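Okay, here's what each chain looks like letter by letter:
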Amino acid sequence: MGSVEEARQAIDGQTVASFLRRNAKEFADLPAISSSWGPDATTLAWGEFREHIAALAHGLSELGLSTGDRMLIMSARRPEHWVSDLGALHLGAISCTTYDTLSPEQITFVARHSATPVVVLEGAEQISRWRPALDELPGLRKVVVINEDDVPAGDDRFVSYREVYEKGAAKHAADVEAIERLADTINPEQPACMIYTSGTTGDPKGVVLSHYNLLFEAASVDTAHPLPMHGKSVSYLPLAHIAERMLGIYLVIYKAGHTTTVADHTQLIPALHGVRPFGLFGVPRVWEKMAAALQGGLAAMPEEQRAGVQMARDAAAEVWKLGSEGKPVPEELAARLKVLDEKALLPIRTMLGLEQMTRGGNSGAAPIPVSVLDFLASIGIPVLEVWGLSETTGAVTQNVPDSYRVGSVGQALPGCEIKLGEDDELLVRGPTVFLGYLQADGTIKPDVDADGWYATGDVGKIDEDGFVFITDRKKELIITAGGKNIAPAKVEGLLRAHPLVSQAVAIGDTRPYMTALIVLDDEAAPIWAHAKGIPADNLAAHPVVLEELENLVQQANAVLSSPEQIKKYRVLSETWTAESGELTPTLKLKRRVITDRYSEAIASLYE
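The structure displayed is predicted, hence computed values, not measured ones.

Q: A description of the overall build of the protein chain should follow, citing residues and the corresponding values.
A: Helix and strand counts for the protein chain stand at 20 helices and 27 strands. Whereas a compact globule of 607 residues would reach a radius of gyration of roughly 25 Å, the protein chain reaches 26 Å, a difference of no more than 12%. Overall, the C-alpha framework of the protein chain stretches about 80 × 70 × 55 Å when taken along its three principal axes. The buried share of the protein chain, taken over its 607 residues, is 55%. Accessible area of the protein chain: about 25,300 Å², with a carbon and sulfur share of 52%. Between the averaged position of the 55 positive side-chain charges in the protein chain and that of its 81 negative side-chain charges there is a distance of 1 Å.

Structure representation (structure tokens):
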């Protein structure tokens, strides 16, 4: 790991805007962002990219967007998304991408809470979902629509992205130094962006990050394990997620890289083929699916070829294990692996588009099974875990190729301090800890103690070498295999709203989708059954009860975002009480007891 001083010196006095200016001057003709890959790709070089940002900044200013305002974006990953975000940044506004899976109710909440005067939407689908919220925003000035053909006729609240851009471009042409004056007015400590993340109550919370937060995180990651200048990467995760925001925007700016936007995440493999990136970050589900596909491919290989691959895999696995134990790799083993890898494993990585990924991959946002890490490492794809939160501007700890422990989330990045607090909760302090949460009145409220420590809600341990292991979660927050943060209390509350239901527990931590266990109310359910004229025996299996509960789940799903929605559930005949052990004396769920006791039933929901 590098030093904190290296990171500080690399960004001293700088802002995201000043790094963009550097790139436009020093690397004007190098590629910055592409909308696709292959012959149909549209690419903006750094000089062109900043001109587009300058034009849109002027256009947004004409709409009334100014310092301190919040601007919300809902769009797929496309260059206009980046340009909108960074154009707002130059005005001192706080840009924020919202998840495209938000329900209409959640959209209304974040729209009201942010008091956004300007919204940027991609097209007709986003407009239809935002309409209820737009009617409840008295301070709304304009809705900028990227797809011009989708601008609603006869509604002057909407304006096309092209019109905003062209008006701004004319203003920029008349005074090309205006963008420099805007950039010079920004200071490192002022807000640069915001991320809405779910709190334990289920209401999204606006995490506000400064220019210094963002740049120190970039410098710290680069110092810990240097990234290549002008490296090629793909952006395929939501920009509402801190990981993609750091990797797809700010680290690309910091290293003057070239990112290719992948509008549809299902096109990741074709994108990897077309781009051949230097590295890849994935949530666990991405790596799990890749491992499953590779295992299927290996099983289909002819026996003779599979034997050769296995020999190479054995050598790679041995090197991986030695590295995790902090032991040196014997020269003979390293030389043997080099030969075997080139012959048997490199063709596999080339098939995936990962042959340039010499620094390995990273996984974060949720725990990943060690078995998946071990398998991928045996193919020559070492995937190293990181850990962090939106409130810490992303990664706080990171495993790196020359210092890692499988099962841990790595050591603290330069400048990040970590210690254990009460109940072994991990506390974090340092330059990447956020400014605070946006309040309904527009102020920003810090959430650190008197000494600057932020309580993460994650419980863990730190070994003698400084490697951090996450062992539990103090906050009742589910993180799915796809990296989505879900507050179970909200989901469970919707299910318990029906008189038939006594208790419900949402399941989904590290899993690919949400499921639930539903317990009938042993007092209310017989009364409900009597009213329906059905016998009270074995209600958990009665078709009329099951139909009613199916309707209940569908009603709940209608107000939940896509990742929150219950895909499968099981109705239980047992009653949960404090005496039977599933509930505390105050009738709160004992989640660990429930998941252990009903492990088989839960497993069946994921078959």
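Once you've had a look at it, read on.
Q: Go over helix 12 (residues 284-299), please, and point to the residues and values.
A: The first and last C-alpha atoms of helix 12 sit 22 Å apart over 16 residues, in line with the 22 Å expected at 1.5 Å per residue. Burial in helix 12 covers these residues: Pro284, Val286, Trp287, Glu288, Met290, Ala291, Leu294 and Leu298.

Q: Mind laying out the nonpolar core, listing which residues take part and the relevant values?
A: Counting 120 residues, the largest nonpolar core has Phe49, Trp287 and Ile381 as its most contacted members. It is helix 10 (residues 242-254) that provides the largest number of residues to this core, a total of 9 residues. For Ile381, the residues in contact, after removing those within four places along its chain, are Trp287, Leu294, Arg349, Leu352, Leu354, Met357 and Leu376. In terms of nonpolar packing, the next biggest core, distinct from the first, is built from 26 residues, Leu500, Ala525, Ala540 and Ile566 among them.

Q: Describe the packing of helix 2 (residues 16-26) against helix 10, listing the residues and the values that go with them.
A: For the pair helix 2 and helix 10, the least separation of the axes is 9 Å and the interaxial angle reads 55°. In terms of orientation, helix 2 lies oblique with respect to helix 10. Judged by the twist between their axes, the crossing of helix 2 over helix 10 is left-handed. Contacts between helix 2 and helix 10 pair Val16, Phe19, Leu20, Arg22 and Asn23 from the former with Tyr250, Ile253 and Tyr254 from the latter. Here the residues of the contact of helix 2 with helix 10 are counted per class, giving 6 nonpolar, 1 polar and 1 charged.

Q: Lay out the pattern of salt bridges with the relevant residues and their values.
A: Counted according to the given criterion, the structure contains 30 salt bridges. Where Glu136 meets Arg112, a salt bridge forms, and the shortest distance between an N and an O atom there is 1.9 Å. With Glu136 in the loop between helix 6 (124-134) and strand 6 (142-145) and Arg112 in helix 5 (residues 104-114), the pair connects residues that are 24 residues apart, well separated along the chain. Classification of Glu136 by relative accessible area gives partly exposed; the value is 35%. One salt bridge in this structure joins Arg591 and Glu492, with 2.8 Å as the shortest N-O distance. Highlighted residues: Arg591 in helix 19 (residues 591-597) and Glu492 in helix 16 (residues 488-496), separated in sequence by 99 residues. Taking relative accessible area as the criterion, Glu492 reaches 2% and is therefore assigned buried. Several salt bridges converge on common partners, so that one network encompasses Arg21, Arg50, Glu180 and Asp184.

Q: Break down the environment of Thr43 for me, citing the residues and quoting the values.
A: With respect to the element layout, Thr43 can be found in strand 2 (residues 43-45). Judged by its relative accessible area of 36%, Thr43 is partly exposed. A sequence separation of 10 residues divides Thr43 from Ile33, and the C-alpha atoms of the two residues are 5.7 Å apart. Look past the residues within four positions of Thr43 in its chain and what remains in contact with it is Pro31, Ile33, Ser34, Glu48 and His258. A polar contact of 2.6 Å, which involves the side chain of Thr43, links it to the side chain of Ser34.

Conventions and cut-offs
- Residues numbered from 1 in each chain as written.
- Predicted model: local features only at pLDDT ≥ 70, side-chain atom pairs only at ≥ 80, totals over all residues.
- Heavy atoms only, no water.
- Helix = DSSP H or I, 4+ residues; strand = E, 2+ residues; numbered from the N terminus.
- Rg over C-alpha atoms; globule rule 2.2 N^0.38 Å.
- Buried < 20%, exposed > 50% of the residue type's maximum accessible area, 1.4 Å probe, protein only.
- Areas by Shrake-Rupley, 256 points an atom, 1.4 Å probe, with all protein chains shown as cover.
- Lys, Arg positive; Asp, Glu negative; His and termini not counted.
- Charge placed at Lys NZ, Arg CZ, Asp CG, Glu CD.
- Expected span 1.5 Å × (residues − 1).
- Core = buried A, V, L, I, M, F, W, Y, C linked by side-chain atoms within 4.5 Å.
- Contact = heavy atoms within 4.5 Å.
- Axes fitted to C-alpha atoms, helices over the stretch in contact; angles between N-to-C directions.
- Parallel < 35°, antiparallel > 145°, perpendicular 65-115°, else oblique.
- Left-handed = near helix turned anticlockwise from the far one by under 90°.
- Nonpolar A, V, L, I, M, F, W, Y, C, P; charged D, E, K, R; others polar.
- Salt bridge = Lys/Arg side-chain N within 4 Å of Asp/Glu carboxyl O.
- Polar contact = N/O pair within 3.5 Å; in protein donor to acceptor, adjacent residues only side chain to side chain.

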